[in-house]
Amino acid sequence: MPPSIIKLGRQSGEHGSYTFYRSFSYQSGRKWRHIKLGKFFFVRLNKNSPICIGELQLVWTGRYSSHPLTSVRLYFLPEQIPDGRQSHHGQDELVATDKMVVHAKDLIKWIICDGVEWRLGLSLMKPNEAAQNSLKNLEKNISCHKCKTINTDGVTCDVQVIDLKSYCKLRTVVKRAANELSFLQILNCPKLSAIYDLKHIQPNKYIMFCKETFLCAELENHDFRCDHLAPNLKGRPRKKTRGKQVDSKLKSCTESSPEQGVAGLVSANKSGNSSSAESEKVCSRRMYIGNVPSMFFFI
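Residues numbered from 1 in each chain as written. Predicted model: local features only at pLDDT ≥ 70, side-chain atom pairs only at ≥ 80, totals over all residues. Heavy atoms only, no water.

**Let's talk about the confidence of the model for the protein**
The condition is simple: Known as pLDDT, the predictor's confidence for each residue is given on a scale from 0 to 100. Any two residues whose heavy atoms approach within 4.5 Å at even a single point are treated as in contact.
Scored by pLDDT, the protein has a mean of 74; 64% of the residues are at 70 or more. Taken as a whole, residues 128-151 scores under 50 in pLDDT and shows eleven contacts with residues more than four places along the chain or in a different chain. Counting contacts from residues 286-299, a segment whose pLDDT is below 50, to residues more than four positions away or on other chains yields eight contacts.

Put into structure tokens, the structure is as follows:
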């Protein structure tokens with residue numbers, strides 16, 4: 001039975017009739033599952049579909065929707081797309097779909113919480129470091145469970161997807177640190193972490209990258225997809241200032257001859273009840289611009 005209770009996290013901002021949030025939680029059995037923006041989770045569209053990776057990019061509520069909406073992007077292995085793996089695909093590469101809008105109540109029907117073993121991607125931790133890290137996480141979860149009456153867990157996913165530039169930089173750091181320092185030592189050092197820009201990297205995840213997108217036929221006409229409810233983030237058009245209006249008149253004058261342009265501009269200024277000083281100023285600018293090219297041409 002799919003979960004039906006959804007709680008939104010803290011607000012991140014408002015725009016018009018839209019209210020945006022940083023996360024949302026849903027009830028699955030006796031547990032509450034928590035998903036934040038930018039986090040990854042395993043997804044299966046239906047029973048026959050392969051397991052892919054989803055990323056939560058936006059959560060909001062709008063005027064025309066009574067349920068929370070989410071913006072999601074899915075990542076597939078190259079073997080799972082129609083064209084298959086090609087020669088230009090990297091070892092740790094994923095192929096993404098376009099962003100799509102899905103109701104939060106429909107998204108949680110796709111999410112796989114537990115039972116997925118993922119062993120693909122760049123592993124940054126050594127076996128002994130991974131064992132120590134898992135032991136620390138277990139002790140932390142036990143202590144949190146003793147303090148809290150409600151069991152709240154995040155959606156587990158052992159994968160982090162980054163862009164190609166960050167992946168190449170990460171590969172360079174791992175290669176340089178192979179004989180000297182471990183990756184955890186570099187990550188824990190503030191200076192080295194700032195130099196290599198590694199603050200967003202999670203060492204206990206399998207790192208993969210994405211550089212291209214494809215059209216998924218299964219998602220094009222899916223019932224859960226509602227892109228027409230995407231937020232409109234465009235603001236009001238700004239009013240034209242007086243300086244821009246003068247420049248537009250000056251531009252129209254340059255398309256015609258200097259004499260006709262000056263005469264037309266003077267007549268336009270007179271018809272608009274503008275001052276004579278302003279018209280003389282614009283006319284002098286036009287005569288200066290029109291005479292300079294001819295002077296250089298005859299020289």
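Still to come is the rest of the account.
**Considerations on the side chain of His89**
Counted only if it meets this: Segments assigned H or I by DSSP are reported as helices when at least four residues long, segments assigned E as strands when at least two residues long, and all are numbered from the N terminus. Relative accessibility decides the category of a residue: with a 1.4 Å probe and only protein chains considered, values under 20% of the type maximum give buried, values over 50% give exposed, and everything between is partly exposed. Any pair of nitrogen or oxygen atoms within 3.5 Å is treated as a polar contact; in protein, a donor-acceptor pairing is required on top of that, and neighbouring residues in sequence qualify only through side-chain atoms on both sides.
With respect to the element layout, His89 can be found in the loop between strand 8 (69-76) and strand 9 (93-96). The class for His89 is buried, based on a relative accessible area of 9%. A polar side-chain atom of His89 sits 2.9 Å from the main-chain amide nitrogen of Gln86. Beyond its immediate sequence surroundings of up to four residues, His89 is in contact with Pro78, Ile81, Gly84, Val95 and Glu212.

**Some remarks on the nonpolar core**
Test applied: As used here, the term nonpolar core means buried Ala, Val, Leu, Ile, Met, Phe, Trp, Tyr and Cys residues forming a set that is joined through side-chain atoms within 4.5 Å.
Counting 28 residues, the largest nonpolar core has Phe24, Phe41, Leu74, Leu107, Trp110 and Ile111 as the members making the most contacts within it. Where this core is concerned, the elements lending two or more residues are strand 4 (23-28), strand 6 (40-43), strand 7 (52-61), strand 8, strand 10 (100-103) and helix 1 (104-110). The leading source of residues in this core is helix 1, at four residues. When sequence neighbours within four positions are dropped, the list of residues in contact with Leu74 reads Val43, Leu45, Cys52, Ile53, Gly54, Val95, Ala96, Thr97, Met100 and Leu219. The next biggest cluster of nonpolar side chains, apart from the first, holds 16 residues, and it includes Phe40, Leu77, Trp118 and Met208.

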